[in-house]
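The residues making up each chain are set out below.
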Amino acid sequence: MLRVKAGDVDRMGLLFERYHRKLFGFLYHMLGQAEASEDLVQTVFYRMLKYRHTYTGEGEFRTWMYHLARNVLADHVKKNRHSVRHTDVAEWSEKIGGGAGADEKLQREQEVATLHRALAHLSEDYREVLVLSRFQELKYEEIARVLNTTEGAVKVRVHRAMNELKTIYLRIEN
Amino acid sequence: MNCEHAKEQLLDYLNHELPEAERPLVAAHLEECTECREELLALQRVWGTMSAIPVPEPSENVRPAFYAMLSAYKEETQAKPSSWAAVWQWLQAVFTPQQALRLAYSLALVGVGVAVGFWLNKQPAQTADNQQLATLTKQVADMRQVMLLSLIDNPSATERLRAVSYTKELNNANPRVVEALLSTLNHDENVNVRLATLEALAQLAHEPAVRQGLVQSLAKQESPLVQSALADVMVQLQEKRSVKPLRRLLNDPALNEAVRGKIKESIQSLSNGQAAPSTSNKPYDETFHPTPSDGAAGTAV
Ligand SMILES: [Zn+2]
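Residues numbered from 1 in each chain as written. Chains lettered and ligands numbered in written order. Predicted model: local features only at pLDDT ≥ 70, side-chain atom pairs only at ≥ 80, totals over all residues. Heavy atoms only, no water.

What follows deals with the overall build of chain B. Regarding its fold elements, chain B presents 16 helices and zero strands. Sorting the 301 residues of chain B into buried and exposed places 45% on the buried side. Excluding contacts between residues fewer than 6 apart, the proportion of contacts in chain B whose partners are at least 24 apart in sequence is 65%. Accessible area of chain B: about 15,800 Å², with a carbon and sulfur share of 53%. (Helix = DSSP H or I, 4+ residues; strand = E, 2+ residues; numbered from the N terminus. Buried < 20%, exposed > 50% of the residue type's maximum accessible area, 1.4 Å probe, protein only. Contact = heavy atoms within 4.5 Å. Areas by Shrake-Rupley, 256 points an atom, 1.4 Å probe, with all protein chains shown as cover.)

Written as structure tokens, this is what we have:
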């Protein structure tokens, strides 16, 4: 990344190849819309190019990437305040949630679908730490850097998020 | 360790966020406490199920959109053509040669598109812009030739056809490309590929090497389709040197009768110095465009 900063813009292609799926995953979990998430992937990479001088090289590249992604996400949400979010999730889980849980595979699918819905219902702050920890596989320490907070605070938030998720899950299930 | 403390650690235990020193303590408590074990299992169930939540793959649009953005950004910030070499270098590093070629090619097209747009927007066309456009157009032409050379030996006939198609809108070909096309015309096992190659070469027939190659090819073709198409090209080009090999073809007892008639006609027309009106009922004629397209703008868009 420091080489990108130095003006070797072409290196950005390598970073794109390496990280764009993960980034898409993060945006998708936060937004629930695949198409919008793709657009935002583009925006994040554009900002990386444009603001590469703000990358200090301390800490990992991906911390910086998620940091930018959060800003892009916040802008997007502000602009689209009135649009319905998490539509993809709703459509998707309705399709699976309908049937009777006859066999084990179907039951498992329903479980996943229910959890997906529960995650979508979680408050943004909670969902964010869970997504970063569970899906993006960031350590608490890294999450702390992305969120500009302390590791202790992240730990507390992850715990609360997990409890909240379980509660919502049980509510949907029953 | 008591239950209350243990329960606080369970998630971190699961999540590998617990300091190494504390792991055995939690494990020891789990050994002897059923309640905490059940709690861990419940947690594990949710935590494990989370990983099964499907995330769609980003669509195919994401990658080309990114590279188009990247190249536009580069154009915007540096506007020096030598950057092309760098893109090419890492494209080769990241992708298989074929993927790299396709990407590079579309990047080049994007570049020309951007330049053309830029140029059209500025009312009085400035020389610098024209120069840039010319450079980019040349880069695209170079890319086409590289694409062609890389694909023309492909085992798939579809890929070879694609290779040949890169000659479209090419006004000049480098010697390697000419050689590759002639070799394909003479040796490719697929008739469609040979016909497409002939069409491609006909467009480049203003080059002496191409003309000569086409004349020599007459003796090497066995397919009636290609033979008659080649005879047509000779007439269109009014290539007198072809009369001899055409006559020689007539001596071949295995020659298809329809082709024989066609060749006689062709020899006639070549001797009269008149281009025969192209016969429209043959598939080949529909795709025959002897005049090479000209002008940078035509090439670009
Ligand atoms: Zn216990």
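Of regular secondary structure, chain A possesses nine helices and zero strands. Moving toward the C terminus, one meets the helices and strands of chain A in the order α-α-α-α-α-α-α-α-α. Residue burial in chain A is summarised as follows: out of 174 residues, 49% are buried. Put simply, of all contacts in chain A between residues at least 6 apart along the chain, 68% involve residues at least 24 apart. Just so you have it, chain A exposes about 8,800 Å², and 47% of that area is on carbon and sulfur atoms.

Tallying the contact residues gives 40 residues for chain B and 42 residues for chain A. Both faces combined, the contact of chain B with chain A buries some 3,900 Å², and carbon together with sulfur accounts for 66% of it. Sorting the residues of chain B by area buried against chain A places Met50, Ile53 and Tyr73 of chain B first, and these three jointly supply 16% of that buried surface. On the surface where chain B and chain A come into contact, there are five salt bridges. Two residues, Lys155 of chain A and Asp12 of chain B, come together in a salt bridge whose shortest N-O distance is 2.7 Å. The tally of links between chain B and chain A comes to 16 residue pairs in polar contact (both at pLDDT 80 or more). Going through the elements one at a time, helix 1 (3-14), helix 3 (34-50), helix 4 (62-77) and helix 5 (83-94) of chain B are the ones with two or more residues in the side of chain B that touches chain A. Here the side of chain B that touches chain A gets 10 residues from one element, more than from any other, and that element is helix 4 of chain B. The residue inventory of the side of chain B that touches chain A, partitioned by class, reads 23 nonpolar, eight polar and nine charged. (Buried area = accessible area lost by both parts, 1.4 Å probe. Salt bridge = Lys/Arg side-chain N within 4 Å of Asp/Glu carboxyl O. Polar contact = N/O pair within 3.5 Å; in protein donor to acceptor, adjacent residues only side chain to side chain. Nonpolar A, V, L, I, M, F, W, Y, C, P; charged D, E, K, R; others polar.)

Attention now moves to the UniProt feature "domain: Putative zinc-finger" (unreviewed entry) in chain B. Per the UniProt record, the feature "domain: Putative zinc-finger" (unreviewed entry) sits at residues 3-37 of chain B. For the annotated span residues 3-37 of chain B, helix accounts for 74% and strand for 0% of the residues, and the straight-line distance between the end C-alpha atoms is 10 Å. (UniProt positions renumbered as here; feature names shortened; annotations may be inferred.)

With that settled, the discussion passes to the layout of surface pockets. In this structure, the largest pocket spans a volume of roughly 300 Å³. Of all the secondary-structure elements, those providing two or more residues to the lining of the largest pocket are helix 9 (151-173) of chain A together with helix 1 and helix 3 of chain B. Considering every element that reaches the lining of the largest pocket, the biggest residue donor is helix 9 of chain A, with seven residues. (1 Å grid on protein atoms, 1.4 Å probe; cavity = no way out; pocket = protein on both sides within 12 Å on 5 of 7 lines; lining within 4 Å. Points joined across faces, edges and corners; volume = space filled by probe spheres on them.)

For the rest of this paragraph, the subject is the coordination of the zinc ion. All names here are of chain B. The coordination sphere of the zinc ion, as far as protein atoms go, consists of Cys3 (SG), His29 (NE2), Cys33 (SG) and Cys36 (SG), spread over 2.1 to 2.3 Å. Around the zinc ion, the four donor atoms sit at angles spanning 97 to 122 degrees, and that spread fits a shape best called tetrahedral. One chain supplies every donor to the zinc ion, and in sequence these donors are spaced C-x25-H-x3-C-x2-C. Neither Cys33 nor Cys36 differs from the other in exposure class; each is buried. (Donors = N, O, S within 2.8 Å, 3.2 Å for Na, K, Ca; no water. Tetrahedral: all angles 85-135°; square planar, octahedral: opposite > 155°, others 65-115°.)

Think of an α-helix as turning once every 3.6 residues; residues three or four places apart then point the same way. Residues and elements named next belong to chain B. For helix 2 (residues 23-32), the full list of buried residues reads Arg23, Val26, His29 and Leu30. For helix 2, the angular spread of the buried residues around the axis is 130 degrees, confining them to a single face. For helix 2, the exposed residues set more than 90 degrees away from the buried face come down to Glu31 and Glu32. Against the buried residues of helix 2 lie helix 1 and helix 3. (Arc of directions from axis to C-beta.)

The next thing to look at is unusual backbone geometry. Unlike most non-glycine residues, Glu137 of chain A shows phi in positive territory, near 55 degrees. With respect to the helices and strands, the residue Glu137 of chain A is situated in the loop between helix 7 (124-135) and helix 8 (140-147). A positive phi angle is found at Gln238 of chain B, which is not glycine, with a value near 50 degrees. Checked against the element boundaries, Gln238 of chain B lands in the loop between helix 12 (224-237) and helix 13 (243-250).

Here the focus is helix 3 of chain B. If you check helix 3 of chain B, its first and last C-alpha atoms are 24 Å apart, about what 17 residues at 1.5 Å a residue would give, namely 24 Å. Turning to helix 3 of chain B, its buried residues are Cys36, Leu40, Leu43, Val46, Trp47, Thr49 and Met50 of chain B. (Expected span 1.5 Å × (residues − 1).)

So, on to the pattern of salt bridges. Applying the stated rule across the entire model yields 18 salt bridges over all chains. Residues Arg145 of chain A and Glu141 of chain A are paired through a salt bridge, measuring 3.4 Å at the closest nitrogen-oxygen approach. Placement of the pair is Arg145 of chain A and Glu141 of chain A together in helix 8, with a separation of four residues, close to one helical turn. Residue Arg145 of chain A is classed as partly exposed on the basis of its relative accessible area, which comes to 34%. By relative accessible area, Glu141 of chain A is classed as partly exposed at 45%. One network of salt bridges, with partners in common, ties together Arg108 and Glu111 of chain A together with Arg45 of chain B.

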